[in-house]
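# Inside the fold
What follows is the residue order along each chain.
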Amino acid sequence: MPDDFLIRAAAAGIGLSIATGPLGAFVVWRRMAYFGDATAHAAILGVALALLLSFPILLGTLIVALAMALTVSWMTLRGQSADTGLGVLSYGALSAGLVAISFAPGVRVDLSAFLFGDILAVTRSDLLVVWGGSVAVAGVIVWRWSRLLLSTLSSDLAAASGINPSRESLVLTLSLALVVAVSLKVVGALLVSAMLIIPAAAARQRAHRPAVMAVVAVLIGWGATLSGLWGSLRFDTPAGPSIIVAATLIYAIMMALRSARPA
């Protein structure tokens with residue numbers, strides 16, 4: 001029988017994949033990978049502000065992640081270069097967070113836990129946060145699936161159908177910020193984008209319909225979580241990075257199967 005901490009870790013990864021699967025599909029379709037990185041890096045600044053101001057870390061990361069997501073969206077609407085703006089905000093926020101933590105009086109914090117996650121230390125209350133946030137995000141995506149998909153395929157066609165593409169982009173932006181906030185303890189700021197991108201990219205190799213791709217991405221996330229945790233236990237490796245390595249191997253297998261398929 002697995003230890004309780006392993007069961008909680010598996011439950012956290014499975015719960016997180018419920019949101020990162022479908023959300024990651026839109027991240028891949030819209031080429032928002034760098035956007036996810038910027039939002040995740042900003043979460044470290046949220047951790048620092050929470051420690052300095054003595055309020056819950058989840059609240060700090062959520063506020064800063066939302067602020068980052070809204071700022072990037074505003075810059076994009078203003079016609080600024082997405083790559084340049086994201087680069088400045090991403091590394092600026094990450095560095096500011098690392099510097100700010102050093103000014104927190106009497107605070108000793110293991111930054112690696114926030115950078116790479118500490119899924120084996122997930123508590124029951126953490127599970128409630130992860131599952132609550134993930135189910136909320138997945139529910140929003142299912143609710144607005146048709147609108148989000150049409151806006152992704154063609155903003156002009158969406159507008160002609162009475163859909164506001166900017167509003168749907170905002171929905172994805174806010175969903176991404178929430179996922180980053182609830183996943184910080186599970187996989188960390190530097191790995192959360194990988195959980196969004198790699199399972200979705202792997203699913204894209206085999207799935208030919210958007211809904212199927214989203215579901216397959218969730219299943220791949222589950223498989224990566226369980227196999228990554230097994231590998232971590234078997235080879236005594238860090239759990240969070242092991243999950244990402246497992247997801248990458250699944251992606252490589254999917255790519256190989258696609259290449260081997262007759263034209």
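Residue numbers run consecutively from 1 along every chain, following the written order of its sequence. Owing to the predicted nature of the model, reporting of local features is limited to residues with pLDDT of at least 70; listing and counting of side-chain atom pairs is limited to 80 or more, with chain, interface and lining totals taken over all residues. Note that the side-chain values use all heavy atoms of the structure and ignore hydrogens as well as water.

## Quick notes on the environment of Asp-118
Only DSSP runs of H or I with at least four residues qualify as helices, and only runs of E with at least two residues qualify as strands; both kinds are numbered from the N terminus onward. Here Asp-118 lies in the loop between helix 5 (111-116) and helix 6 (124-143). Judged by its relative accessible area of 34%, Asp-118 is partly exposed. The spatial distance from the C-alpha of Asp-118 to the C-alpha of Val-135 is 21 Å, given a sequence separation of 17 residues. In what follows, residue pairs with any heavy atoms lying within 4.5 Å of each other are defined as contacts. Other than its neighbours up to four places away in sequence, Asp-118 contacts Ala-113, Lys-185 and Val-186. Only protein chains enter the area calculation, which uses a 1.4 Å probe; residues under 20% of their type maximum are buried, those over 50% are exposed, and those in between are partly exposed.

## Re the packing of helix 1 (residues 4-29) against helix 11 (residues 210-235)
Angles run from 0 to 180 degrees between N-to-C directions of axes, and those axes are lines fitted to C-alpha atoms, restricted for helices to the stretch in contact. The contact between helix 1 and helix 11 brings their axes to 8 Å, and the two run at 145°. Every pair of crossing elements has a handedness; the one defined by helix 1 and helix 11 is right-handed. Taken together, the residues of helix 11 that come into contact with helix 1 (itself represented by Leu-6, Ala-9, Ala-10, Gly-13, Ile-14, Ser-17, Ile-18, Gly-21, Pro-22, Ala-25, Val-28 and Trp-29) are Pro-210, Met-213, Ala-214, Ala-217, Val-218, Gly-221, Trp-222, Thr-225, Leu-226, Leu-229 and Leu-233. In this count, Pro and Cys sit with the nonpolar residues alongside Ala, Val, Leu, Ile, Met, Phe, Trp and Tyr, while Asp, Glu, Lys and Arg are called charged and the others, Gly among them, polar. Looking at side-chain class alone, the contact of helix 1 with helix 11 contains 18 nonpolar, five polar and no charged residues. Helix crossings are classified by the rotation of the near helix relative to the far one: an anticlockwise turn of less than a right angle makes the crossing left-handed, while a clockwise turn makes it right-handed.

## Describing the pattern of salt bridges
For this document, the term salt bridge refers to a Lys or Arg side-chain nitrogen within 4 Å of an Asp or Glu carboxyl oxygen. Taken as a whole and assessed by the stated rule, the structure comprises one salt bridge. The salt bridge involving Arg-144 is made with Glu-168; its shortest N-O contact spans 2.6 Å. One end of the pair, Arg-144, is in the loop between helix 6 and helix 7 (145-153); the other, Glu-168, is in helix 9 (residues 165-187), with 24 residues separating them in the sequence. Neither residue differs from the other here; Arg-144 and Glu-168 are each classed as buried.

## Comments concerning the layout of surface pockets
As a volume, the second largest pocket reaches approximately 270 Å³. Looking at the second largest pocket, it is lined by 13 residues, and the ones nearest its centre are Ile-57, Leu-58, Asp-126, Ala-181 and Lys-185. Secondary structure elements with two or more residues in the lining of the second largest pocket: helix 3 (57-77), helix 5, helix 6 and helix 9. Among the residues forming the lining of the second largest pocket, the class breakdown is nine nonpolar, one polar and three charged. Buried and open spaces are told apart on a 1 Å grid over the protein atoms alone, a cavity being a set of points where a 1.4 Å probe fits but cannot get out and a pocket being an open set with protein on both sides within 12 Å along at least five of seven lines. Residues with an atom within 4 Å of a point are the lining residues. Grid points are joined across faces, edges and corners, and a volume is the space filled by probe spheres set on the points.

## Some remarks on the confidence of the model for the protein
Of the residues in the protein, 93% reach a pLDDT of 70 or more, and the chain-wide mean stands at 88. Considering each helix and strand of the protein separately, the mean pLDDT is smallest for helix 5, with a value of 78, and largest for helix 11, with 96. Residue-level confidence of the predictor is summarised by pLDDT, bounded by 0 at the bottom and 100 at the top.

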